[in-house]
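Understanding the architecture of this molecule
So the chains spell out like this:
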Amino acid sequence: MCPLLQPCQSPVRHALLPCTCSEVTPTYLTDQHVYCYCCLQWPSLLRPLSSVMPELPAMVQDKYRTCQTMCFCGVFPEIRRAWASVDNSLYLWRYDQSNDVPVEYCGEEQAICCVGLAKPKPGVFLAAIQHVLVLATTVEIVLLGVCTSPSKGGGSDHYEELSLQPMPLYTLPSDNTIMTCFASSALGRIFMGANDGHVYEIQYAATDSWRQRRCSKVRVTGGIQQLLPGFLVPLFGQPTALDKLVVDDERHILYSLASNSAIQVFDLGATGTAPANKVAELTDFLNEVARLPTGRTVFALGDDKWGTAIKYLAVIPMAESWKVHLMAVTSNGRRAYFSTSNQVRAGSSWGGNRDGRTSIPSHLDPKVTRPNALVAIDARGPLPQPPAAGVRIATDPASRPMDVTAVLYAQGTLVLAEASGPDGKATKLLMAARNHTLPPATVNVNFASGAPGLREMVSDLNSFIPGETAAIGCIPQASVLGPEVHPGGSWGAMQDELVAQMFSGPQQLVVVSTAGVLELERRRPVDVLQALLAERSADKLKQFFDAYGAPEAAAMCYLIGTQDRQSMRLVEEAANALDNPLLVGQPLMPEEGGGTEAAQNAGSAGGGIYMGTAVNPNPEPDWSGAHKGLALYISRLLAPVWDHRLITPSSGNPNIWKSRLSDATMMVLEAKLRELEKFLHEAASRRKNRGFGRSAGGVTAGAGPTGLFGYLEDGTNRMHQGGGAAAGAAGASVAGVAPTGMAAAIGDAPFAKRQRMWNAFVMEEQRNNAVRALASKAAQALLLLRTIAAANVNRLVNRLDGPGRRALQDANFRDLVLEDKGSSLAAQLVAALVADQLEGGASGAAGGVAELAAALQSGAPAYFRDQDRQFFQATAKLKAAEQAATAAERDAAAKEALAGLLRVPQCVNLSQMVGRLAFLRQYEGIVELVVRCASIADPHSLAWRHGSSADTAAARAARDRCYSHLLDVLKPLLRPGIEPVRAAPVGAAAAAAGDAGAGGAGAGAPEEAALLTPTEAKAAKGKMMQAILQSGDQYLIQVLYSTLVDVGADADLLANPSQALITYLRTEGGMSAQAGANGSGGLSGGDIGPLDSRQVRHLELLARLYIKKGKYSLAANVYRSLASRRNGTGDSAVNLQQRLDAFHNALLQARSVGDEQMTDTIRSSVRCITLQIAMQTRLQQLLARAKQQRQQGAAAAGPSPEQLQSLLKEIQISCLDVSDLYNSYAQPLGMWDMCLEICNFAGSVPSNYVLKLWDLLLKEIWETDEISAPDSTADASDDSDSRLERCCAKVQALGVNFYPNESSLPLVHVTMRLEQAAAGLWPKTSDSVRDPSRVVRCLRAVLAPSAGDNASSVIASVYEQLLARRGALLDGGVAGADIVLGGAGDGAARSALRLGLLKSLVAHCRIVLQEELSSSLTGQPDHGYPSRFLGRAQQAAALADLAERCASEARSLGGDAAAAGQQLAEDFDRIAAQLASASNS
């Protein structure tokens, strides 16, 4: 809707209201209220186009005189011909050319009984056949092809030549049936009615088929009668002939009228292609209409049959009514209205958009509900006689006799031909049409004349028409606009007459009588006003303005003043009428008695103040009728295209774009808008010459968006803003004479009143100037669209970027005229248009661009500014650079073009220019150009702000769109390789390279320039990065850093270390920038996170940057923060191994610093996380074992799988302290080895506590049965060996890490427990093991990594301490052993234990002896050891001495162990001797 529409919503008329009558005749209205003659002093609404009625052609008259059988006549407005049939001859002639020679067809032998013209079905006949002429004789039906064309010499009249093409294949017999009437649908279906009372359809196709002949006749009605032989049909009664067939092409309904006034209704389907199906029939017309409230007075039972016989049927278009579908006119001029829906009650409304309804109800929608009845809903009496005086009818029209001979209803106009004259051989024409001097019922006018109802204005032809009228035809009036703005029907049928007269001519009628053919024109309201202006009668003009209302009449004055080829005299008269306050009134403030609108603007009505109603502190005046008419006129002028899409993809192929407005539509509207601008300019000049308008001209036609559209609100109306105080101040400074009528209006009024009245005039003048500017801007937009549509639209659209194409697809004409995005889109289209001209390849491309620029500068200055001209000059230089022959010329031209582009960055389309500049290797220029374009997109640098507000996000998005083009060039340069790199991304630059490559001398250079060697790519990358870093655009620098991180260009990122990079990496990594600024580097343990993978990568790069700068402590802190960060879900999850790796990196950097405290702290963290990982592994093993036990149905000996799963989940979340590991996991779950690991890490643990842990660990291992199914035949000692092996393996695994920490590894105690287990004495009685060396070998494995060669001495010392113990040697400990050693009860058990100790020593001595012998044989020299260790020879001597003492101990064994002891003593003696010999050697 036009933005200035709201001011014209006065009590007179809605600006764009369609012609939808509300009710036919309410019960409280009489015919005196519904009929009205136009003013007797006005010209008649019917006007003959010629003063003399042309007679029938002589050929027709001669044939008529010899008529033998029958004759008929009529008119075919579709082909601009009248026709007459006399016997078997048919004549067609131009009714608008007096000397036209009729076309005669005499191809039939029998008399012609019916003639019809139809539009053929698509694809059946040749394209040259535009219509099909259907001739029915008494024996056959013939289809003839009708071809119309301009004259052979050329011309604009497409109906000049006419030829009839016989089609013998489309002839069929009538089967003794005489056709009486004809009708055709818009889809090409042909129906005929016959004298037998049946309806037939003529079906035709291009070829014969097995189901249907090429041309056939199908009876639609008849039922069972179709199956009976012909001699039985009369038994059903005498048939009633059909007089008329009518097709409703909108609702797809067929009506038939019989000679007895019976009406039948046939449904043709929702699409109009289904077989005709009879759904209703009205057999007693009089009874049906007499039951209506209005029918009782119009029709009375017992009326003569001739007067109530239906003469004519007419379809009511959906644009006029949804409920009323059919109108019937009787022979005496009375009318009845019908509906085909049984849900419509009698006397109901016509079904327009009453009460604001804009969508049709479902029960009246023909696509949803099909016809099911024929219900009479209203009746209306005959048209009255012209009154002798006055404008209202005072006689009773129902008493007037009429003899209707012909009827026409078209485009809301009813024309009746009444037999008149003294002898009844003349015709009187009467016309009735909607009375547009009264507002429609949809406007609440608050006065009596606004009562709902279809009120009609009656007029007649001033003279009689000779002869009896046989037919009346209406010539279709096409709109000057294209069909795209009003699809689905004719212009006149869809629009109110007051709107239709804007774009279509007056309705033309053709009357065919027995005396000749007469062309008539029905005057539109604007035609009546034009005639009154030509008369220059003030009284008649006043009557006209009073009748139609000042706004509507003023809109017609603007239409007259802006018509093409209008006489200057009429233009001046229209302008004078608009300046006449007696006709159009004047603007008034609410205080001066302004109308309802002004009162509403002031917040009150009728002088009262309503509590709770907002009061406008700056109320607008009640505008004059001239201004309301101007708003009404421009609203109607722009309404067809205002919300229309401009350029959209084709429905069949989305890759093909088309202009949705035709050139004809845009040309007509542009011409009218420019005429309106010219008219308003001249009117303003006249007022200025009279001393008014100098201060009101603040808004000029050339004003830009700020000057013009600041006065227009969004949506339905952009109201004038700021017109109060500013306009008043301006008006106070105006000097000169007040305009005509204003001085008289002001008179000697008080100063305050004069000031208010003057302010109202100034405000209205400002709004008039705003309308003038709107007309200018809209005309320029139409010129621009015409220019774009004349080019290759699809190629232009492809030059736009993705957002530009989406904006173009959604843009409508309103956006182009009013919105900022429309101006931006227009600039992109103009740039694409000029680029297309430059890259056309033609030799005259530069000249074509100059002509285009000149045309746009003169015709559309609002869309083609000076910066546009500079941009296109730079574009031309850029094109010359692409076609340069040498590199030097190319570089010089490119720099010159770049300088031009930098001056007008607001005109640059980066999607096109960046690629072309990259092709020319202007990398620094690309950065500068993109930075300037980004500054325009974000003028306040909101993207630099911290935070995530909506404004900041929008600014960053705008800058990102600019930066994306720069990054498309930079990213290929960041990927290292040995292959050449393209200088520009594939796209616009590729096209430029192709065009330049075809340019003759320099053909090879552009192709070579399209590739960069690795060295050139590296140099280009450095230039771009350096330009970005030096640009000062903080957000662009951050975007560069982010891009380098994303593509993995770590070396390039770290090659330019700066505080900005550190801040960026810290911020993106989730650290506070302040922490890095004060030197703390990172945050410790769990103070950051959760972090996703991208944030982790940024922190890792930050650590690498610190390492590169030699700040190892800061790098260590970053790695510590990564290791200790809080855990998250998904991408933010961190496992323990990742934490351990980070701690290791931190430990490495801490060692580089040399900070022992930091190193120890991080080393402790590494050890702690290692324990946590081990604990996690144990928990996973326990969980798997628990699940397996559950699956096997075994009883769970420990925690359930759910509990273990919960513990496993908890331990993976964060870094835990050793106390948490011990108290929450290791000790409760009985992980004694983990407890010992933790004690070893913690240190300073009581020795007795450690001893208990070792006892618990060894006892658990011994008692764990790992043999799933022990063989009953196996030796029990095998089980003891395996258990001891497991215990030794665990001691070896732990002891390697614990030794020489005596607090964690009490070697004497652990050795004693192993020896007790080997002897079968602990933790419970069992068989002794068979391998006496197993414990010794375990100890040697534990001591070897730390003690080295001194391990044998340590082992000997351990056993020596054990053998030296006397008394209570050992008890069972916390393991609960059931054997107590020592004391007075020392017996076999103690002897067995000491025997075991001695056996282990023998094994140890043998191992040492073998090592000595091996060393002597290899010649390995003696090594030096720390002071606490002994040399190899000394160890041998000490061991020999121990062997001697052990031999004595062995001999002292008694009891059962005596024999074994004696054997051991001998072994010790031999070993001592060998060791002594080895030590001496």
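Residues numbered from 1 in each chain as written. Predicted model: local features only at pLDDT ≥ 70, side-chain atom pairs only at ≥ 80, totals over all residues. Heavy atoms only, no water.

Here we take up the overall build of the chain. Within the chain, the regular secondary structure consists of 50 helices and 36 strands. Considering only contacts within the chain whose residues lie at least 6 apart along the sequence, 67% involve residues at least 24 apart. Total accessible area on the chain stands at roughly 63,700 Å², and carbon and sulfur atoms take up 52% of it. (Helix = DSSP H or I, 4+ residues; strand = E, 2+ residues; numbered from the N terminus. Contact = heavy atoms within 4.5 Å. Areas by Shrake-Rupley, 256 points an atom, 1.4 Å probe, with all protein chains shown as cover.)

Turning our attention to helix α31 (residues 1014-1029). If you check α31, its first and last C-alpha atoms are 22 Å apart, about what 16 residues at 1.5 Å a residue would give, namely 22 Å. Among the residues of α31, A1017, A1020, K1021, M1024, M1025, A1027 and I1028 are the ones counted as buried. One side of α31 holds all its buried residues, which, seen down the axis, span an arc of 160 degrees. What points out from α31, more than 90 degrees from its buried face, is the exposed set T1015 and K1018. (Expected span 1.5 Å × (residues − 1). Buried < 20%, exposed > 50% of the residue type's maximum accessible area, 1.4 Å probe, protein only. Arc of directions from axis to C-beta.)

All right, on to the side chain of D248 then. As for its position among the elements, D248 is in strand β15 (residues 242-248). The class for D248 is buried, based on a relative accessible area of 2%. What D248 contacts, discounting residues up to four positions off in sequence, is I253, Y255 and V315.

The next subject is the packing of aromatic side chains. In total, this model carries 15 aromatic pairs according to the counting rule given. Between the aromatic rings of F544 and Y548, the centroid separation amounts to 4.6 Å while the plane-to-plane angle is 35 degrees, which identifies the pairing as tilted. Pair noted here: F544 and Y548 are both in helix α9 (residues 538-548), with a separation of 4 residues, about one helical turn. Considered together, F544 and Y548 belong to a single accessibility category, that of buried residues. Through successive ring pairs, a cluster of aromatic residues spans W42, F544 and Y548. (Phe/Tyr/Trp six-rings, centres within 6.5 Å; stacked < 30°, edge-to-face > 60°.)

The subject of this paragraph is the sheet that holds strand β14 (residues 215-219). Read from one edge to the other, the open sheet built from 4 strands follows the order β11-β12-β13-β14, with strand pairing classed as antiparallel. Two strands close off the open sheet at either side, each with one partner strand: β11 (179-184) and β14. Going from strand to strand, the sheet's axes swing by 25 degrees on average, the running direction of each strand aside. Across 5 bridges, β11 lies against strand β12 (residues 190-194) in antiparallel orientation. Each residue of the ladder has a partner; that of A183, found in β12, is F191. (Pairing = 2+ DSSP bridges. Axes fitted to C-alpha atoms, helices over the stretch in contact; angles between N-to-C directions.)

A few words now on the sheet that holds strand β28 (residues 469-475). A sheet is described by the order of its strands in space; here 4 strands give the open sequence β2-β30-β29-β28, paired in antiparallel fashion. Two strands lie at the open edges of the sheet, namely β2 (46-48) and β28, each paired on one side alone. Taken over all neighbouring pairs, the strand axes of this sheet differ in orientation by 30 degrees on average, direction set aside. Of the strand pairs in this sheet, strand β29 (residues 507-513) and strand β30 (residues 517-522) are connected by 6 bridges, and their pairing is antiparallel. For V511, the partnering residue across the bridge sits in β30 and is L518.

It is the contact of helix α42 (residues 1232-1242) with helix α43 (residues 1247-1263), at a shortest axis distance of 9 Å, that shows an interaxial angle of 150 degrees. Between α42 and α43, the interaxial angle falls into the category roughly antiparallel. In the packing of α42 onto α43, the handedness of the crossing is left-handed. Here α42 contributes W1232, D1233, C1235, L1236 and C1239 to the contact with α43, which in turn contributes V1250, L1253, W1254, L1256, L1257 and E1260. Residues of the contact of α42 with α43, tallied by class, amount to 9 nonpolar, no polar and 2 charged. (Parallel < 35°, antiparallel > 145°, perpendicular 65-115°, else oblique. Left-handed = near helix turned anticlockwise from the far one by under 90°. Nonpolar A, V, L, I, M, F, W, Y, C, P; charged D, E, K, R; others polar.)

The element strand β13 (residues 199-204) is extensively covered by neighbouring structure, given that 5 of its 6 residues are classed as buried. Inspection of the sheet shows β12 paired to β13 by 4 bridges, in the antiparallel sense. Its bridge partner lying in β13, M192 is registered against Y200. Counted between consecutive antiparallel strands, the loop separating β12 from β13 contains 4 residues, among which G197 sits at a positive phi close to 85 degrees.

Our focus in this paragraph is the packing of helix α10 (residues 550-561) against helix α11 (residues 568-578). Close contact between α10 and α11 brings their axes to 8 Å; oriented N to C, the two are set at 155 degrees. By the criterion of interaxial angle, the relationship of α10 to α11 is roughly antiparallel. Of the two elements, α10 crosses α11, and the hand of that crossing is left-handed. Residues A554, C557, Y558, I560 and G561 of α10 lie in contact with α11, whose contacting residues are L570, V571, A574, A577 and L578. Residue composition of the contact of α10 with α11, by class: 9 nonpolar, 1 polar and no charged.

Enumeration according to the criterion identifies 58 salt bridges in this entry. In this structure, D836 and R799 form a salt bridge, with 3.9 Å as the shortest nitrogen-oxygen distance. Taken together, the residues D836 in helix α22 (residues 820-838) and R799 in the loop between α19 (793-798) and α20 (802-810) connect sequence positions 37 residues apart. For the pair formed by D836 and R799, the shared burial category is buried. (Salt bridge = Lys/Arg side-chain N within 4 Å of Asp/Glu carboxyl O.)

In this structure, L429 and F813 are the most contacted members of the largest nonpolar core, which totals 227 residues. The biggest single contributor to this core is helix α18 (residues 751-790), with 11 residues. Residues within four places of L429 in sequence aside, it is in contact with L46, V415, L416, A417, S459, D460, L461, I465, I472, V511 and L520. (Core = buried A, V, L, I, M, F, W, Y, C linked by side-chain atoms within 4.5 Å.)

On to the pairing of strand β4 (residues 81-86), then. A large share of β4 lies buried, amounting to 6 of its 6 residues. Bridge count for strand β3 (residues 71-76) against β4 is 6 bridges, and the pairing is antiparallel. Residue pairing for β4: G74 is matched across the bridge by W83. Connecting the antiparallel pair β3 and β4 is a turn made up of 4 residues, with R80 showing a positive phi of about 60 degrees. Where β4 and strand β5 (residues 89-94) come together, 6 bridges link them in antiparallel fashion. If you follow S85 over to β5, its bridge partner there is L90. Connecting the antiparallel pair β4 and β5 is a turn made up of 2 residues, with D87 showing a positive phi of about 55 degrees.

Structurally, R334 is set in the loop between β20 (326-330) and β21 (335-339). A polar side-chain atom of R334 sits 3.1 Å from a polar atom in the side chain of N332. (Polar contact = N/O pair within 3.5 Å; in protein donor to acceptor, adjacent residues only side chain to side chain.)

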